[in-house]
Amino acid sequence: MQGLQMSENYNEFKCIEKHDQAVTAILIDRRRNNNERFLCKECLDNQLQVFESISIVAMQKIIEDKQMKRRAMINDIADQYIQIIQQYNLNLENLKTKLTSSIEMMINNTQIWMRELNQKKEDSRIYSFCNELEDYIRSTKQYMHSFQFDFFDKINFSQLNKLKTGIKQLIDAHYTHQYKELFQKLRDINDERKQLEKQEWQLSKDGKINLNQISNPIKQNQNCSALAFNSTGNILVTSNDREIMIWNFNKGLMSFGQKLQLSNIINCLIFSKQSNIFISGCIEIICWKEKSMNFWEKSLSYKEQKEKIEKENKHHEITCLVLNSKEDQIIYGSRSQIINILALDLRQNKLEFLYLIKMSEGGWVSSLSLNHSENLLLSCGYGDKIMMWKQSKENKWVPMTELTKYQDKYKEDLCKAIFLEDDEFILIQGGKNCYSSYKYSYNDRIVKQNYKIDFKDQYKFLDSLHQSFEFKPEVNLLFTRYKDYIYILRKQNNGQYKIVFTKQYQTNIMYGTLSNNGQYLVMFDKTSSSYNIYELQDF
Ligand SMILES: [Zn+2]
């Protein structure tokens, strides 16, 4: 194994001040750009070392230690793959030998068989006068009509038996193929490998959380009210008023890819978990499909039909939307009491209105949540209005219970809810400064409050519409924005969710999303008009 090799040359590195000197040290500061990392002796003399710095030799030692480890791991993983592929290769060789030998035997066998039959044709030329005469004399009347061909049976029986032996060998040979074992072993190694990869970032299962800002803020003049990661976490889509911004996301760094122009403000973005397709909601629902690198095709769209808009005669802004796990149904709420249900067919490129349901009171629909089994749906509105819906036999959502009576005194305040378990959800009530857990009992068909916890912060703003309400059970994180605060909640040993992180903003116009593994939080806020990226760490 040859030694490590650095792809750059030391002379390529230039110090911050662009002095004509060799670089000797490095600044360890996440907020600096990559062309502001190196220091020469003169820089050091100019006291730039107030920041944390390290000598270039020491840094190279750290990097090479890691690279040695990485190399050993790559060698090990590649060898594991090679070993099982080698075994499969042997299986194939073995199979080939067995197939070839039995096929050759069978070909030989069939040729002999045909030869024997042809021989019988040939033999039929010759007859024995004496034998035939004997037959004729024994039964004169029958002679012209009596034949015997049972010699065919003898030939066929013996040759067919030989052929059957060959067929059995041919079928048995397929067992040496063992492709299922190959697939299983590949999966096993993949799983082991993922375990190694995960170790780069880890978060304890419970406990307090710290947000560590990484990289510089990214400015955006217009407001962002929706953000979503794709399933692999390398693409982030955000809204910029009437534009959709598509970002490449790598190790906590956002780099701009492209933008898509729409004619209305975008409030909702949601990514498919199966492919690079996302859905945007403004006054219409649009599906976007990645056709090639950085080319997103507007593939489907749906706008409320005129007759469904009622008296106001304008399309309502979409406020929240959910996609079911099969990704064949979209449920969305808007600045009305109506919840629309659409059928989605991504293969056939079809988006079709199915039916609508209506909240009885409570102004606009402020949140929607499906439970894991997708047999319960929660919809929230203003004035403490919350409704639970169940699936009817006809697979339609029908109202089941109204959890709270509509209260006029809270009509400026919205509430929102999200399922944590199949039968448990968290409800946040804007008017009451609290969150509570509710449980649905399938036996008694009633919803009961489990516990209630007050938010203790002083708020300067009301809660604002549009969702930044996310639940990541694998890492035990519940993220929400509430009025001018963001909160992260985690499940404790007693089963209750407690606040483990709090951050105040000078606005209630701030939205964010967690990456799928919970490693990063991307936030946009109106005060700084920028995106900030944080890595979640144990406190
Ligand atoms: Zn310098």
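The rules we used
- Residues numbered from 1 in each chain as written.
- Predicted model: local features only at pLDDT ≥ 70, side-chain atom pairs only at ≥ 80, totals over all residues.
- Heavy atoms only, no water.
- Salt bridge = Lys/Arg side-chain N within 4 Å of Asp/Glu carboxyl O.
- Helix = DSSP H or I, 4+ residues; strand = E, 2+ residues; numbered from the N terminus.
- Buried < 20%, exposed > 50% of the residue type's maximum accessible area, 1.4 Å probe, protein only.
- Donors = N, O, S within 2.8 Å, 3.2 Å for Na, K, Ca; no water.
- Tetrahedral: all angles 85-135°; square planar, octahedral: opposite > 155°, others 65-115°.
- UniProt positions renumbered as here; feature names shortened; annotations may be inferred.
- Core = buried A, V, L, I, M, F, W, Y, C linked by side-chain atoms within 4.5 Å.

Trainee: How do you make sense of the pattern of salt bridges when you look at a structure like this?
Mentor: As a working rule, side chains carrying opposite charge can pair if their charged atoms are close by. Enumeration over the complete set of coordinates arrives at 14 salt bridges. The salt bridge partner of Asp463 is Arg481, with a shortest N-O separation of 3.3 Å. Note that Asp463 is positioned in the loop between strand S24 (446–454) and strand S25 (469–472) and Arg481 in strand S26 (residues 477–482), a separation of 18 residues in sequence. On the basis of relative accessibility, which here comes to 8%, the residue Asp463 falls in the buried class. A single salt-bridge network, built from bridges that share partners, covers Lys416, Asp463 and Arg481.

Trainee: I'm lost on the coordination of the zinc ion in this one. Help?
Mentor: Ideal geometry at a metal gives 109.5 degrees between four tetrahedral donors and either 90 or 180 degrees between six octahedral ones. Ligation of the zinc ion by protein atoms is provided by Cys15 (SG), His19 (ND1), Cys40 (SG) and Cys43 (SG), these donors lying 2.1 to 2.4 Å from the ion. Each of the four donor atoms around the zinc ion contributes to a set of angles spanning 98 to 118°, which defines the coordination as tetrahedral. One chain supplies every donor for the zinc ion, spaced along it as C-x3-H-x20-C-x2-C. For the residue pair Cys40 and Cys43, the accessibility class agrees, reading buried in each case.

Trainee: Explain the UniProt feature "coiled-coil region" (unreviewed entry) in the protein chain to me, please; I cannot follow it from the model alone.
Mentor: Cross-referencing UniProt, the feature "coiled-coil region" (unreviewed entry) maps to residues 78–105 and 179–206 in the present numbering. The distance from the first to the last C-alpha atom of residues 78–105 is 40 Å, and the span holds 100% helix and 0% strand.

Trainee: Looking at this structure, I do not really get the nonpolar core. What am I missing?
Mentor: Generally speaking, soluble globular proteins have nonpolar side chains that are buried together. Ile209, Ile488, Leu521 and Leu536 are the most contacted members of the largest nonpolar core, which totals 18 residues. Breaking this core down by element, the ones donating at least two residues are strand S4 (209–219), S26, strand S27 (485–491), strand S28 (497–504), strand S29 (510–514), strand S30 (520–525) and strand S31 (530–538).

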